[in-house]
Amino acid sequence: MAEIVRMPKLSDTMTEGVVSAWHKKVGDTVKSGEVLADIETDKATMEFESFTDGVLLHIGVAAGKAAPVDSVLAVLGKKGEDITKLLAEAEGEGGKDAGKEEVASGKSASGKSEVKEEMEVSEEKEEKEVKKEKGEKEEASAPVGASARAPSARPLFGAAPAAVAAPASSNGRVTASPLARKLAEEKGIDLGRVHGSGPEGRITKRDIEQFAGGTGSYNVPQVEQFEEVAVSQMRKTIAKRLAESKFTAPHFYLTLEIAMERAMQVREAINKQIAPEKISYNDLVIKAAALALKQHPKVNSSWLGDRIRFNQHVHIGVAVAVEEGLLVPVVRFADGKPLRTIGIEVRDFAKKAKAKKLQPQDWEGNTFTISNLGMFGIEEFTAIINPPDACILAVGGIQEKPVVRNGQIVPGHTMKVTLSCDHRVVDGVTGAEFLNTFKALMEEPALMLGVGAI
């Protein structure tokens, strides 16, 4: 008997999945334990194995498409088995949201694209204006194509301007509105040199005015351009979780400036000793934060609605940037790990995150989070708390600047850190005490470098 395979829930926050690729096609024999498809969750792309034997009779979600958890992913059964009734029962009646889809696709009730309707209204307005001012008959223009094309898509930032399209023509004739033709004649402009911004490249009044005010060789179309990209599962989850955090947890922020000369000296000495291995400033930050959390367990806590959990273990989440957002793999029991071990783990997590190879056990269980943007030249910033943590530490870059030491202005190196706190759990004094302990450890790293600390 045929059996429905449903979209699995592969992470605790997953509400829908995207089928990245199918490893089987309809008609193929599938054995239990074989990889059926690659499924993109909100955090990683994971292989989904079949739990049963059979022939793949139906694919419910095409490659590249998203579907909710528990929706019909596929149907396995015997070759030639009729699954029509089974699918009807599982999927129910379709087509209820057809009207919504039409609106979402940018079509109006008339069936025309909104872009075309807007441009057609503009052209009709221009034509009426010509008739009113001069009483002239409408000039016949070459027919415009049956459908309007949207402006060429291009990235919003950091991209070169889109190439200007060639002047529109139909059967060798340039298409232009009557008002555009009249203005071109008055200004002595050859329509063949003007690039139209209307439907199918039709030349409008605005195009003539821009051409006349420009260099005379070409005009840049003043058309709003944009690119829309489907939201990935990861970005959806980031948006949901951080919005919930920001608007549910009452945030407040504490900032301290830390003198980094001793940390720089100690790091240089350690790296000479362990070469070719190296530790980073981020490794020192993680270690110092972990030790400070052991002294201030109220900061190493979680708000659970009707109770507060004070964690005795220290699992530090480290924000890692990937193409679609942020992932937060966890360095477990960070307070007891040597600096080199912390560094190796963080680098390994970063590689796995960018390759979408992180597994649920890699990102679950954090009790505190660190977000470091110092390597990007950011001096200071505030971060949104990563639930269920009560705090997150935002780390800026090391800045070289004049500082006052012992009443004298001298060259110095400083680093600013900002602690975002959930006021339901952590009060101002508690957060300040934690930051001062962290500052003391960073300004004198010898305090955290006991036996086996490197």
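This text goes with the structure placed above it.
Presented here is a report on the structure given in the accompanying data block. Along each chain, residue indices are assigned from 1 in the same order as the chain's sequence is written. The model is predicted, so local features are restricted to residues of pLDDT at least 70 and side-chain atom pairs to those at 80 or more, both for listing and for counting; the totals for chains, interfaces and linings are taken over all residues. Based on all heavy atoms of the structure, the side-chain values leave hydrogens and waters out of the count.

The subject of this paragraph is the overall build of the chain. Of regular secondary structure, the chain possesses 11 helices and 20 strands. Exposure is judged per residue with a 1.4 Å probe applied to protein chains only, and the accessible area is read against the type maximum: over 50% gives exposed, under 20% gives buried, and values in between give partly exposed. Within the chain, the proportion of its 454 residues that are buried is 41%. Within the chain, residue pairs in contact and separated by at least 24 positions form 63% of the contacts whose partners lie at least 6 positions apart. On the chain, roughly 25100 Å² of surface is accessible, and the fraction owed to carbon and sulfur atoms is 53%. A run of H or I in DSSP becomes a helix once it reaches four residues, and a run of E becomes a strand once it reaches two; helices and strands are each numbered from the N terminus. Note on contacts: a residue pair is in contact if any heavy atoms of the two residues lie within 4.5 Å. Computed by Shrake-Rupley with a 1.4 Å probe, the accessible areas treat only the displayed protein chains as cover when residues are assessed.

Attention now goes to unusual backbone geometry. A cis amide bond, omega 5°, links A275 with the succeeding residue P276. Structurally, the position occupied by P276 is in the loop between helix 7 (261-274) and helix 8 (281-295). With an omega of 5°, the peptide bond between P387 and P388 qualifies as cis. Relative to the helices and strands, P388 resides in the loop between strand 18 (368-372) and strand 19 (391-405). Positive phi, close to 80°, is recorded for D70, a residue that is not glycine.

Attention now goes to helix 5 (residues 205-213). Restricting attention to buried positions, one finds in helix 5 the residues D207, I208 and F211. Seen along its axis, helix 5 keeps its buried residues to an arc of 100°; they face one direction. In this description, one arc is meant: the one made by directions from the helix axis to the C-beta atoms.

Take the sheet that holds strand 7 (residues 66-68) next. Note on pairing: DSSP must find at least two bridges between two strands before they are called paired. Pairing in this open sheet of 4 strands is antiparallel, and the strands run 5-4-2-7 from one edge to the other. Taken across any chain shown, the strands that pair with only one partner, and hence form the sheet edges, are strand 5 (45-49) and strand 7. Averaged over all neighbouring strand pairs, the angle between strand axes comes to 40°, with direction disregarded. Only the stretch in contact is used when fitting a helix axis, every axis being a line fitted to C-alpha atoms; angles between N-to-C directions are given from 0 to 180 degrees. Its contacts with the sheet put helix 6 (residues 233-248) on strand 2 (16-22), strand 4 (35-40) and strand 7, and the angle it makes with strand 2 is roughly 165°.

Should a side-chain nitrogen of Lys or Arg be within 4 Å of a carboxyl oxygen of Asp or Glu, the pair is scored as a salt bridge. In total, this model carries 17 salt bridges according to the counting rule given. A salt bridge links E444 to R262; its shortest N-O distance comes to 3.1 Å. With E444 in the segment after helix 11 (428-443) and R262 in helix 7, the pair connects residues that are 182 residues apart, well separated along the chain. Overall, E444 belongs to the partly exposed group, its relative accessible area being 27%. The shortest N-O distance in the salt bridge between E268 and K272 comes to 3.9 Å. With E268 and K272 both in helix 7 and 4 residues apart, the pair spans about one turn of that helix. Note on E268: relative accessible area 48%, which makes it partly exposed. According to the relative accessible area criterion, K272 is exposed, its value standing at 64%.

Here the expected span of a helix is defined as 1.5 Å times the quantity of residues minus one. Helix length check: helix 7, at 14 residues, gives a terminal C-alpha distance of 20 Å against a target of 20 Å (1.5 Å per residue), a fit within 8%. For helix 7, the full list of buried residues reads A263, V266, I270, N271 and I274. For helix 7, the buried positions fall inside an angular range of 130° around the axis, keeping them on one side. At its buried positions, helix 7 is contacted by helix 8, helix 9 (339-354) and helix 11.

The next thing to look at is the sheet that holds strand 19. Strand pairs in the sheet, formed through backbone hydrogen bonds, run parallel or antiparallel to each other. Here we have 6 strands laid out as an open sheet, ordered 11-20-19-18-14-17, and mixed in their pairing. Pairing within the sheet leaves two strands with one partner each, and these edge strands are strand 11 (251-259) and strand 17 (330-331).

Here N282 is to be found in helix 8. One polar contact links N282 to N372, side chain to side chain, over a distance of 3.0 Å. We define a polar contact as two N or O atoms separated by no more than 3.5 Å, with the added condition that, inside protein, one atom must be a possible hydrogen donor and the other a possible acceptor, whereas residues neighbouring each other in sequence contribute only through side-chain atom pairs.

Only rings of Phe, Tyr and Trp enter the pairing, Trp through its six-membered ring, and a pair is recorded when the two centres are within 6.5 Å. The plane angle decides the type: under 30 degrees is stacked, over 60 is edge-to-face, the rest tilted. Per the stated rule, a full pass over the model turns up 2 aromatic pairs. Measuring from ring centre to ring centre gives 5.8 Å for F48 and F51, while their planes differ by 70°; the resulting arrangement is edge-to-face. The class of F48 is buried, set by a relative accessible area of 5%. Accessibility expressed as a relative area gives 71% for F51, which makes it exposed. Two thresholds decide whether a charge sits over a ring: the Lys NZ or Arg CZ must be within 6 Å of the ring centre and within 35 degrees of the ring normal. Here R267 stacks its cationic end above the ring of Y281, 4.5 Å away from the centre of that ring.

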